[in-house]
Structures are given as C-alpha cells and as structure tokens.
Amino acid sequence: MRAIFLAGAGSLALAGAAMVHSAQSPAQAPQTTPGVPAAASPQAGAAAQVASPFGAQTQRSGLNIVVLDPAHGGTDPGARGTGGIRESEIVLDLATQVRRALELAGFQVVLTRQGNENPSFDDRSAIANAQRGAVFVTLHISSTGLPGTVRVYVNSDLPAVTETNGLIPWDRAQAPFLGLSRKLGDLVQGMLVQRFKGSPDTALTAGVRQLRTTAAPAIAVEISSIVVEDRAELDRMGPGVADAIAHGAAAFKPLYVVANVPRALP
Ligand SMILES: [Zn+2]
C-alpha cells in the first residue's frame, strides 16, 4: 500500500490548529511584507528552534515553497469553451503569472508541469509531498459560475487518520492538513473577493481528488468561466488572480509552522 511517512504530522497539525485558533484575524494580524523572512514573526522564530533531523541547512522552518499545479494538460484539455478555448492552456499561462507574483513575494515556486504534459494526480501530489515547507495550489477554469468570479476550494473532511506508526495511507494524505488548508483557502479567497466582486467571502468545501493525496496545506483555485466569448476576458483576470494568491500565501506564512515534515516513502 502506498503510504506517506508523517512523523510528527500530528504535532504539525496541532501546532497549526493552535496557531489558527490563537491567531489574530487577518485584519488585526501584523502585515506580512513580501520578501520578509517568516523568521521575523515570533511563531516562526519559535518553530526555528525545533530540532530538525535534516541538518542546519534545513533548520529554517516555515513556508518557503509554493507548488503550483496547472491542472489537466496533454490528452486532457479540461473544460472547453465554445470558441475552442481550452482550460489546460489557460491555466498554464496563468501559472506563469502566479509564479512571477509568488517569486516577487519571496516564495520558491515548483510547477507540476511546464508544458502540455498531463502528469497523473499522484505524480502531481508526489511533487508536493517531496517538498519541505510547501503549500499546494491547483489552478482550474470552471465551465460554470458567474463569469469574472473566482472560487477557492479545500478538501472536504476525510476519515480520521488513526495510524500511530507514522504512516498514513496515500489517499488520506490531506487529512492532517485540512485545518491549515482551510486557513490558507480563506486567506486567498478573501484576497480574491476584493478583486473579483461576486466571488465568495470564504473558501468552499468539496471532494477534490487532487487535494486528497497532497500532504501539505492545499487549495484549488477555480476561475469562472470557460464559457466566455473570447479568452481575453479570462486573460484579463490573470494579474488579479496572481496577486491574490501571492498575498494570500504571504498572509498564511506566519501561521504555518513546520514542527516535523511529512516524508513521502518511495
Ligand atoms: Zn479543471
């Protein structure tokens, strides 16, 4: 059975949950300046003192990496518009813009695909699960919804992880991260609604296959919609979506504490 080693993942989740509960609301929270290391925050400073088995090089705990997933690709074009618009192509272009915004905010970005390939769900999750201090963002264009709006989804509740030997099944990898995913999702959605009126105020919940196998705070960002007259309407949303994701991730950074990092078993 494919499984992920989650040594200390319980303490990661608990630390995250405690942070979420005790954290100030985004309005009261100290502003996170893009590019300023998380070590500037007291939470991250405390986390940095946690002993790491991975040596001094990785002592710097906290969120540093965003794994960005342009969904679909290859033989899977995703949603298709009447004008021949393909979701797989638009999200790839969008990912370039999001990547740039995230890098400007001080994040390292890892893409799950660079071109028109179609990695499997598991391949994409495996990229995220191999990172230390990462969040995962999958990008979609929907075929429904009010054009010009954007929704963030987090995975719905998964069966509790009861294993005590540090292993959890691959298909429940998201379970220990749901609370953190919700926090990240709400922060990004809050940034999106400021830029795209009519979008929800908080993240929605759904059974998202891609997120279920991801052992990191993970969200899906879905833009409405593929049913536009021409793709320029969607392209015009790119900079706002990129900016919202970068600001949301930056706001999330002080809440993310890596006590112990999940390790994917080969
Ligand atoms: Zn899609």
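Bear in mind the structure is a predicted one, so any value in this text is a computation, not a measurement. (Residues numbered from 1 in each chain as written. Predicted model: local features only at pLDDT ≥ 70, side-chain atom pairs only at ≥ 80, totals over all residues. Heavy atoms only, no water.)

Asker: So, the overall build of the chain: which residues are in play, and what are the values?
Answerer: Secondary structure summary: the chain contains 8 helices and 9 strands in total. Out of the 266 residues belonging to the chain, those deemed buried represent 51%. For the chain, the exposed area adds up to about 11700 Å²; of that, 55% sits on carbon and sulfur atoms. (Helix = DSSP H or I, 4+ residues; strand = E, 2+ residues; numbered from the N terminus. Buried < 20%, exposed > 50% of the residue type's maximum accessible area, 1.4 Å probe, protein only. Areas by Shrake-Rupley, 256 points an atom, 1.4 Å probe, with all protein chains shown as cover.)

Asker: Summarise the nonpolar core; cite the residues concerned and give the values.
Answerer: Counting residues in hydrophobic clusters, the biggest one holds 48 residues, and the most contacted among them are Leu102, Leu139, Val221 and Val241. Every element with two or more residues in this core is listed here: strand E2 (65-70), helix H3 (87-104), strand E3 (108-111), strand E4 (134-141), strand E5 (150-155), helix H5 (178-195), strand E8 (218-223) and helix H8 (238-252). (Core = buried A, V, L, I, M, F, W, Y, C linked by side-chain atoms within 4.5 Å.)

Asker: Break down the side chain of Ser142 for me, with residues and values.
Answerer: Mapped onto the fold, Ser142 is located in the loop between E4 and E5. By relative accessible area, Ser142 is classed as buried at 4%. Once residues within four sequence positions are removed from consideration, Ser142 is found in contact with Arg151, Glu222, Ile223, Ser224, Ser225 and Ile226. (Contact = heavy atoms within 4.5 Å.)

Asker: Which residues make up unusual backbone geometry, and what values go with them?
Answerer: Geometrically, the link from Ser224 to Ser225 is a cis peptide bond, its omega value of -10° lying close to zero. Checked against the element boundaries, Ser225 lands in the loop between E8 and helix H7 (232-235). Despite not being glycine, His72 has its phi angle at roughly 60°, a positive value.

Asker: Kindly report on the pattern of salt bridges, identifying the contributing residues and their values.
Answerer: Under the definition given, this model contains 9 salt bridges. The partner of Asp93 in a salt bridge is Arg231, with the nearest N and O atoms 2.8 Å apart. With Asp93 in helix H3 and Arg231 in the loop between E8 and H7, this residue pair connects regions lying 138 residues apart in the sequence. We note a salt bridge from Glu103 to Arg99, for which the minimum N-O separation is 3.0 Å. With a gap of 4 residues between them, Glu103 and Arg99 both fall in helix H3, about one helical turn apart. One continuous salt-bridge network, built from bridges that share partners, spans Asp93, Arg231 and Asp235. (Salt bridge = Lys/Arg side-chain N within 4 Å of Asp/Glu carboxyl O.)

Asker: Tell me about the packing of H5 against H8, residues and numbers included.
Answerer: Interhelical geometry of H5 versus H8 gives an angle of 140° and a closest axis separation of 8 Å. In terms of orientation, H5 and H8 fall into the oblique class. In this structure, H5 crosses over H8, and the sense of that crossing is right-handed. Taking contact as the criterion, the partners of Leu180, Lys183, Leu184, Leu187, Val188, Met191, Leu192 and Arg195 in H5 are, on H8, Gly240, Val241, Asp243, Ala244, Ile245, His247, Gly248, Ala249, Ala251 and Phe252. Among the residues making up the contact of H5 with H8, the classes are represented as 12 nonpolar, 3 polar and 3 charged. (Axes fitted to C-alpha atoms, helices over the stretch in contact; angles between N-to-C directions. Parallel < 35°, antiparallel > 145°, perpendicular 65-115°, else oblique. Left-handed = near helix turned anticlockwise from the far one by under 90°. Nonpolar A, V, L, I, M, F, W, Y, C, P; charged D, E, K, R; others polar.)

Asker: If you had to explain the sheet that holds E4 to someone new, which residues and values would you point to?
Answerer: Through backbone hydrogen bonds, the strands of a sheet pair up, either in parallel or in antiparallel fashion. Pairing within the open sheet is mixed, and its 6 strands lie in the order E3-E2-E4-E8-E5-E7. Taken across any chain shown, the strands that pair with only one partner, and hence form the sheet edges, are E3 and strand E7 (204-206). Sheet twist, expressed as the average angle between the axes of neighbouring strands with direction ignored, equals 30°. Sheet topology places E2 next to E4; 6 bridges connect them, and they run parallel. Bridging from a neighbouring strand, Pro70 pairs with Leu139 of E4. Sitting on the sheet, H5 touches E4, E5, E7 and E8, and the angle it makes with E5 is about 175°. (Pairing = 2+ DSSP bridges.)

Asker: How would you explain the pairing of E5 if you had to name every residue and give the values?
Answerer: Counting buried positions over the 6 residues of E5 gives 6, a clear majority of the element. Burial along E5 is two-sided: the face carrying Val150, Val152 and Val154 and the face carrying Arg151, Tyr153 and Asn155 are both buried. Relative to E8, E5 runs antiparallel, the two being bridged by 4 bridges. Across the sheet, the residue bridging to Val150 is Ile223, located in E8. Sheet topology places E5 next to E7; 3 bridges connect them, and they run parallel. Each bridged residue has a counterpart across the sheet, and for Tyr153 the counterpart in E7 is Leu204.

Asker: Can you lay out the confidence of the model for the chain for me, pointing to particular residues and giving the numbers?
Answerer: Model confidence for the chain is summarised by a mean pLDDT of 79, while 71% of its residues fall at 70 or above. Scored below 50 in pLDDT, residues 7-59 makes 49 contacts in the model with residues more than four places away or belonging to other chains. Predicted confidence is poor over residues 259-266, with pLDDT under 50, and the contacts of this stretch with residues over four places away or in other chains come to 23 contacts. (pLDDT = per-residue confidence, 0-100.)

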